[in-house]
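# Results of the structural survey
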Amino acid sequence: MRPAHALIDLDALRHNYRLAKSLSGSRAFAVIKANAYGHGAVECARALADDADAFAVACIEEAIELREAGITRPILLLEGWFEASELGLIDQHQLWCVIHAHWQVEELLAARLSAPLHIWLKLDSGMHRVGFSPEEYPGVWRQLETSPQVASLSKISHFARADEPDTGRTEEQMAVFARATEGLEGPVSLCNSPGVLAWPQAHNDWLRPGIMLYGATPFTFPQEHADSLQPVMQLQSRIIAVRELPVGEPIGYGSRFVTARPTRVGVVAMGYADGYPRHAGDGTPMLIDGQRSQLIGRVSMDMLTVDLTDLPGSGLGSEVRLWGKGLNASEVAAHAGTIAYQLFCNLNRVPRRFTSSFSASAT
């Protein structure tokens with residue numbers, strides 16, 4: 001069997017959710033959209049089923065998958081619905097919904113439901129993706145507040161630069177939110193992962209930890225609480241070949257890397273078809289038998305090459321950790337010009353193996 005796999009530590013997932021909760025007295029949605037950021041939505045939801053106040057996903061397909069897997073906690077559709085026909089399923093599965101556009105308001109008011117819905121009304125406080133403008137928000141709120149189609153009404157917005165605490169943008173968004181929602185009574189949710197970790201003044205009633213649940217920091221600098229996160233995914237493989245090359249030899253497609261010294265090269269069963277970033281540069285770190293080394297040469301579809309010159313004890317069959325414990329995915333992502341979110345979500349064919357001290361064995 002090909003040795004590439006992703007080991008998912010469900011105990012670390014629980015630790016990270018509990019860390020988010022410990023920073024505030026607020027309730028918290030466990031955000032498990034995009035297949036739990038590539039970690040396995042059903043398995044992650046089941047691992048958090050006794051801890052999570054609620055879950056949040058991007059679309060109804062993700063929510064139904066959780067319901068069919070036995071998840072009974074509230075599930076919030078972060079983008080609401082995309083067409084009116086989904087309202088029947090939302091009603092059937094008792095889902096909570098974000099509303100961010102007038103057409104959704106109209107479809108909700110016209111729907112035939114067995115029970116009113118729990119609605120989160122989205123304010124565009126400055127992210128400028130979706131949501132009602134500050135000027136129109138109070139009117140839409142009052143329209144929904146009096147509707148028999150609405151069981152409860154809550155306020156929600158999203159920070160654009162909470163991971164950059166010195167820009168002043170988050171303070172601006174909080175001020176816009178406060179003005180637009182003045183006098184509107186109801187629960188509030190503002191904080192994504194960087195908001196949870198670095199903006200206690202914005203915690204309010206509900207948190208929305210996402211990337212932090214999976215142990216990746218949203219910051220480009222050390223941060224007290226982010227440094228306490230535990231990596232959930234360990235992307236692993238093995239050395240499948242070793243080459244001894246003299247000075248001046250090119251390695252891989254395009255001859256991007258040329259040896260500047262006699263170099264011992266390890267070939268790893270991992271490539272961009274697995275989801276490892278093709279644009280990772282020379283010097284991207286990885287761990288070989290627990291020792292730090294680096295990528296040399298361009299990533300291929302199924303293989304990549306690593307420098308073993310200073311690791312004489314490593315060779316054929318050595319374990320390679322591409323990210324995980326001892327090597328945060330955010331550091332790897334920085335070398336590839338991307339973010340940990342994309343690394344996790346891009347893992348296509350790599351099998352997941354789940355481990356937890358609460359289960360009899362890994363699966």
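Since the model is a prediction, treat every value here as computed from it, not as a measurement.

Thresholds, definitions, all that
- Residues numbered from 1 in each chain as written.
- Predicted model: local features only at pLDDT ≥ 70, side-chain atom pairs only at ≥ 80, totals over all residues.
- Heavy atoms only, no water.
- Helix = DSSP H or I, 4+ residues; strand = E, 2+ residues; numbered from the N terminus.
- Contact = heavy atoms within 4.5 Å.
- Polar contact = N/O pair within 3.5 Å; in protein donor to acceptor, adjacent residues only side chain to side chain.
- Buried < 20%, exposed > 50% of the residue type's maximum accessible area, 1.4 Å probe, protein only.
- Pairing = 2+ DSSP bridges.
- Axes fitted to C-alpha atoms, helices over the stretch in contact; angles between N-to-C directions.
- Right-handed = clockwise from strand over helix to strand, strands pointing away.
- Parallel < 35°, antiparallel > 145°, perpendicular 65-115°, else oblique.
- Left-handed = near helix turned anticlockwise from the far one by under 90°.
- Nonpolar A, V, L, I, M, F, W, Y, C, P; charged D, E, K, R; others polar.
- Salt bridge = Lys/Arg side-chain N within 4 Å of Asp/Glu carboxyl O.
- Core = buried A, V, L, I, M, F, W, Y, C linked by side-chain atoms within 4.5 Å.
- Disulfide = S-S within 2.5 Å.

## Examining the environment of Ser 24
Structurally, Ser 24 can be placed in the loop between helix 1 (10-22) and strand 2 (27-31). The spacing of Ser 24 and Asp 205 is 181 residues in sequence and 9.2 Å in space, taken between C-alpha atoms. If near-sequence neighbours (up to four positions away) are discounted, Ser 24 is found in contact with His 203 and Leu 207. Within the structure, Ser 24 has its side chain in polar contact with the side chain of His 203 (distance 3.5 Å).

## Brief notes about the environment of Ala 54
Along the chain, Ala 54 falls in strand 3 (residues 54-57). Residue Ala 54 is classed as buried on the basis of its relative accessible area, which comes to 0%. Spatially, the C-alpha atom of Ala 54 lies 9.9 Å from that of Ile 71, the residues being 17 residues apart in sequence. Leave out the neighbours within four places in its chain, and Ala 54 touches Ala 28, Phe 29, Ala 30, Pro 74 and Trp 206.

## Describing the side chain of Ser 330
Structurally, Ser 330 is set in helix 10 (residues 329-335). Excluding residues that lie within four positions of it along the chain, Ser 330 makes contacts with Ala 216, Thr 217 and Ala 340.

## Quick notes on the sheet that holds strand 2
Overall, parallel pairing links the eight strands, which are arranged 2-3-4-5-6-7-8-9 in a closed barrel. Relative to strand 9 (residues 206-207), strand 8 (residues 188-191) runs parallel, the two being bridged by two bridges. Residue Ser 189 lies in a different strand from strand 9, and its bridge partner there is Trp 206. Its contacts with the sheet put helix 6 (residues 102-110) on strand 5 (96-99), strand 6 (117-122) and strand 7 (150-156), and the angle it makes with strand 5 is roughly 135 degrees.

## Section: the pairing of strand 7
Along strand 7, five of the seven residues are buried, which leaves the element largely enclosed by surrounding structure. Regarding topology, helix 7 (residues 137-145) serves as the crossover connection from strand 6 to the parallel strand 7, and that connection is right-handed. Bridging between strand 7 and strand 8 involves two bridges; their strand directions are parallel. Note on strand 8: the bridge partner recorded for Lys 155 is Val 188.

## Re the packing of helix 4 (residues 60-68) against helix 5 (residues 86-93)
Where helix 4 contacts helix 5, the two axes come as close as 11 Å, and the packing angle between them is 30 degrees. By the angle between their axes, helix 4 is roughly parallel relative to helix 5. As for how helix 4 packs across helix 5, the hand of that crossing is left-handed. Within the contact between the two elements, helix 4 uses Ile 60, Ile 64 and Arg 67 and helix 5 uses Glu 86, Leu 89, Ile 90 and His 93. Considered class by class, the residues forming the contact of helix 4 with helix 5 number four nonpolar, one polar and two charged.

## Looking at the environment of His 102
Its place among the elements puts His 102 in helix 6. The sequence separation of His 102 and Val 140 amounts to 38 residues, and the corresponding C-alpha distance is 8.3 Å. Beyond its immediate sequence surroundings of up to four residues, His 102 is in contact with Phe 132, Glu 136 and Val 140.

## Structural notes on helix 3 (residues 41-48)
Of all the eight residues making up helix 3, six are buried; the element is thus mostly covered by neighbouring parts of the structure. The inward-facing, buried residues of helix 3 abut helix 1, strand 2, helix 2 (33-38), strand 3 and helix 4.

## Here we look at the pattern of salt bridges
Counted according to the given criterion, the structure contains 15 salt bridges. Across the salt bridge formed by Glu 164 and Arg 161, the nearest N and O atoms sit 2.9 Å from each other. Bridged by salt links that share partners, the residues Arg 2, Asp 274, Asp 302 and Arg 349 form one connected network.

## Some words on the pairing of strand 2
In terms of burial, strand 2 is largely enclosed, as four of its five residues are buried. Of the strand pairs in this sheet, strand 2 and strand 9 are connected by two bridges, and their pairing is parallel. Across the sheet, the residue bridging to Ala 28 is Leu 207, located in strand 9. Bridging between strand 2 and strand 3 involves three bridges; their strand directions are parallel. Of the residues in strand 3, the one forming a bridge with Phe 29 is Ala 54.

## Focus: the nonpolar core
Most often, soluble globular proteins have nonpolar side chains that are buried together. Grouped together as the largest cluster of nonpolar side chains are 116 residues, with contacts concentrated most on Leu 144, Tyr 276 and Trp 323. Contacts of Leu 144, omitting those with residues within four sequence positions, involve Ile 99, Val 105, Leu 108, Leu 109, Ile 119, Leu 121, Val 150 and Leu 153.

## A few points about the state of the cysteines
By definition, a disulfide links the sulfur atoms of two cysteines through a covalent bond. Scanning all chains against the criterion turns up zero disulfides. Not part of a disulfide, Cys 59 finds its nearest cysteine sulfur in Cys 97, a span of 12 Å. Overall, the relative accessible area of 0% leaves Cys 97 in the buried class.

## Notes on unusual backbone geometry
Note: most peptide bonds trans; most residues except glycine with negative phi. The phi torsion at Ala 36 lies on the positive side, around 55 degrees, for a residue other than glycine. Assignment of secondary structure puts Ala 36 in helix 2. One non-glycine residue, Asn 204, adopts positive backbone phi at about 55 degrees. Secondary-structure assignment places Asn 204 in the loop between helix 9 (193-198) and strand 9. When its relative accessible area of 37% is taken as the criterion, Asn 204 is described as partly exposed.

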